[in-house]
Amino acid sequence: MSGGEILSTLLASEVRGDLLILFHKNPGLIDTVDGIARRIGRTTISVISDVRELLQLGLLKQKRIGASEVLFLDRAKDREILESVANHLKTVQIGGSK
Amino acid sequence: MMSMATRAREPSSTNPGGNFWPAQKSSGNSNSAPEEAFSSLLTGIVCDALSNALGRYVLDILASKGLLDDSDNPKEFDRELQSLFGNGASVLERIVVKDLYRKLSIPYDSDARFDYEKSLATAKEVCFVESRLK
């Protein structure tokens, strides 16, 4: 996936933007989907598809703790993703094409 | 309550050095103190939004491209964000407005139609009223 495609995936919706901010501000956060939704002031059903996209991208990971499935930020993958976005943005000119 | 001007100049937790904030536009122009305070507040919030969403390194790159120079000019900023992020620009603008509204205690409705310029105009008005009341 190119840096541009990653960027489009990251900023595809307001919910995804909220999730990015939440996990970047709290990189050690581990919580259920319900908990994550509550933290950004939304319902589980309204965040589930965006969570799935971020899981697919590899930015978030999921694991089972006891009876609960929890989500957390994969910090190494996050660094890799943001670096790829940064390298893409380096090549884009403000107000014009590459 | 802390004055708006003081609060606006506080560096954010994610931008402790405040290196990306453009120089104050006080010399040689007619900007009033509330306008400058609002401009500083907005620039700080834009820095926070970009840094929290996409990381410090991305903020660095965008700052070096001059994106932050126009952060208090909604039309120009919107145009520049669109050229860099396409549809993602509106997500970043919503993050900025949400944070700005939270700081100014303005209710934010995610479901309402979004207009960055109008949202900033509302925030600016509230900021000015607040400063007049102090």
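Cut-offs applied
- Residues numbered from 1 in each chain as written.
- Chains lettered and ligands numbered in written order.
- Predicted model: local features only at pLDDT ≥ 70, side-chain atom pairs only at ≥ 80, totals over all residues.
- Heavy atoms only, no water.
- Helix = DSSP H or I, 4+ residues; strand = E, 2+ residues; numbered from the N terminus.
- Buried < 20%, exposed > 50% of the residue type's maximum accessible area, 1.4 Å probe, protein only.
- Expected span 1.5 Å × (residues − 1).
- Contact = heavy atoms within 4.5 Å.
- Axes fitted to C-alpha atoms, helices over the stretch in contact; angles between N-to-C directions.
- Parallel < 35°, antiparallel > 145°, perpendicular 65-115°, else oblique.
- Nonpolar A, V, L, I, M, F, W, Y, C, P; charged D, E, K, R; others polar.
- Phe/Tyr/Trp six-rings, centres within 6.5 Å; stacked < 30°, edge-to-face > 60°.
- Lys NZ or Arg CZ within 6 Å of the ring centre and 35° of its normal.

1. Digging into the overall build of chain B
Link 1 in the chain: What chain B contains, in helices and strands, is six helices and zero strands.
Link 2 in the chain: If you list the helices and strands of chain B from N to C, you get α-α-α-α-α-α.
Link 3 in the chain: Per-residue burial for chain B yields a buried fraction of 47% across its 134 residues.

2. So, helix α4 (residues 44-57) of chain A
All names here are of chain A.
Link 1 in the chain: If you check α4, its first and last C-alpha atoms are 20 Å apart, about what 14 residues at 1.5 Å a residue would give, namely 20 Å.
Link 2 in the chain: Every buried residue belonging to α4 is among Val 47, Asp 50, Val 51, Leu 54 and Leu 57, and all of these are buried.
Link 3 in the chain: Buried residues along α4 sit against α1 (3-10), α2 (14-25), α3 (33-39), β2 (60-65), β3 (68-73) and α5 (75-90).
Link 4 in the chain: Backbone geometry just downstream of α4 places Gly 58 in the positive-phi region, at approximately 100 degrees.

3. Looking at the environment of Asp78(B)
Link 1 in the chain: With respect to the element layout, Asp78(B) can be found in helix α4 (residues 74-85).
Link 2 in the chain: Asp78(B) gets classed as partly exposed once you look at its relative accessible area, which sits at 25%.

4. Section: the environment of Ser84(A)
Residues and elements named next belong to chain A.
Link 1 in the chain: Inspection of the secondary structure assignment puts Ser 84 in helix α5.
Link 2 in the chain: Separated by 28 residues in sequence, Ser 84 and Gln 56 place their C-alpha atoms 16 Å apart.
Link 3 in the chain: In this structure, Ser 84 is in contact with Gly 3 and Ile 6, ignoring residues within four places of it in sequence.

5. Examining the environment of Leu68(B)
Residues and elements named next belong to chain B.
Link 1 in the chain: For Leu 68, the position within the fold is in the loop between α3 (56-64) and α4.
Link 2 in the chain: A relative accessible area of 1% means that Leu 68 is categorised as buried.
Link 3 in the chain: Considered as a pair, Leu 68 and Gly 44 are 24 residues apart in the sequence and their alpha carbons are 9.6 Å apart.

6. Examining the packing of α2(A) against helix α2 (residues 33-54) of chain B
Link 1 in the chain: Interaxial distance between α2(A) and α2(B) falls to 7 Å at its minimum, and their mutual angle equals 85 degrees. As the angle between them shows, α2(A) and α2(B) are arranged roughly perpendicular. Of the residues in α2(B), those touching α2(A) at Leu20(A), Ile21(A), His24(A) and Lys25(A) are Ala49(B), Asn52(B), Ala53(B) and Leu54(B).
Link 2 in the chain: For the contact of α2(A) with α2(B), the residue count by class is five nonpolar, two polar and one charged.

7. Some points on the packing of aromatic side chains
Link 1 in the chain: Tallied over the full model, the rule gives two aromatic pairs over all chains.
Link 2 in the chain: Relative to Tyr116(B), the ring of Phe77(B) has its centre 5.9 Å away and its plane inclined at 35 degrees; by these criteria the two rings are tilted. With Phe77(B) in helix α4 and Tyr116(B) in helix α6 (residues 116-133), the pair connects residues that are 39 residues apart, well separated along the chain.
Link 3 in the chain: Accessibility expressed as a relative area gives 4% for Tyr116(B), which makes it buried.
Link 4 in the chain: The ring centre of Phe72(A) lies 5.0 Å from the NZ or CZ of Lys63(A), which sits over that ring.

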